[in-house]
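# Geometric and topological summary
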Amino acid sequence: MEALRKEFGGPEVEPHITVAGSILFNRSEAIEKFIGACNEINPYVCQVDQLETSKFYFQCVSLVFQADHQLTQETGLLAARMYCNSANMPHLSLFYGDLTDEEKKRAVEIVKSVDEGLCTISFTINRMQLYRVNFEDKTQKSWEMVSECNLRPKI
C-alpha cells in the first residue's frame with residue numbers, strides 16, 4: 001500500500017495471496033503438478049479475519065483470512081498435490097519490511113485510516129498463479145510467473 005511505503009519506505013508489493021510454500025521441482029514438473037492441482041481445487045471464498053503484523057519481512061503487515069473448512073480443505077489439497085510440507089496460512093501481504101513494534105502499531109493505524117472496509121472484505125479465489133521466487137530479492141523484481149490456471153469450476 002502506498003500509504004505504508006510513504007511512511008516507512010520499502011518495496012512496491014504486487015498484490016497476491018500466498019497459499020502454499022516452497023517446492024523443489026524442475027520447471028516442467030512444477031507446472032504439471034500445479035495445473036493438476038488447480039484442476040482438482042474448487043473456487044473458494046476468502047473472508048478477511050484480521051489485520052496482522054509479523055516479525056517476518058514478507059509478512060510484515062498482512063490480511064489473514066478466516067480458516068474455515070473450505071479454505072483449509074482447498075489450500076490443503078493444493079499443498080498436498082504440490083508436495084509442500086503444509087499449506088501456508090493464506091494471507092495477503094500489504095507491506096514488506098522490518099518494522100519495530102511501535103512502527104507496526106502505526107502501520108495498523110495507517111491501514112485502518114486508509115480503508116476501514118479492507119479488514120472485512122471477502123472475495124472468491126477462482127484462479128491461481130505459480131511463481132518462481134528468489135527469497136533473497138526483497139523487491140519482488142526477480143519473481144517470475146511460471147504458470148496461471150483457473151480453478152475447477154463447481155459442478
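Shown above is the structure to which this text applies.
Here goes a summary of the coordinates provided. Residue numbers here run from 1 along each chain, matching the order of that chain's written sequence. Selection of residues for local features in this predicted model requires a pLDDT of at least 70, selection of side-chain atom pairs for listing and counting requires 80 or more, and totals for whole chains, interfaces and linings are taken over all residues. Computation of side-chain values: all heavy atoms of the structure, hydrogens and water removed.

## Topic: the environment of K105
- Position of K105 among the secondary structure elements: in helix α4 (residues 101-114).
- A 1.4 Å probe rolled over the protein chains alone gives each residue an accessible area, and that area as a share of the maximum for its type sets the label: buried under 20%, exposed over 50%, partly exposed in between. In this structure K105 comes out as exposed when scored by relative accessible area, which is 51%.
- Separated by 39 residues in the primary sequence, K105 and Q66 place their C-alpha atoms 22 Å from one another. Each helix corresponds to a stretch of at least 4 residues labelled H or I by DSSP, and each strand to a stretch of at least 2 residues labelled E; elements are numbered beginning at the N terminus.

## Considerations on the pattern of salt bridges
- Definition used for salt bridges: Asp or Glu carboxyl oxygen within 4 Å of a side-chain nitrogen of Lys or Arg. Throughout the structure, instances matching the rule amount to six salt bridges.
- When the shortest N-O distance is used, the salt bridge between R106 and E7 registers 3.8 Å. Here E7 lies in helix α1 (residues 2-8) and R106 lies in helix α4, a separation of 99 residues in the sequence.
- By relative accessible area, R106 is classed as partly exposed at 34%.
- With a shortest N-O distance of 2.9 Å, E40 and R81 are connected by a salt bridge. With E40 in the loop between α2 (27-38) and β2 (44-53) and R81 in helix α3 (residues 69-81), this residue pair connects regions lying 41 residues apart in the sequence.
- Classification of E40 as partly exposed rests on a relative accessible area of 31%.

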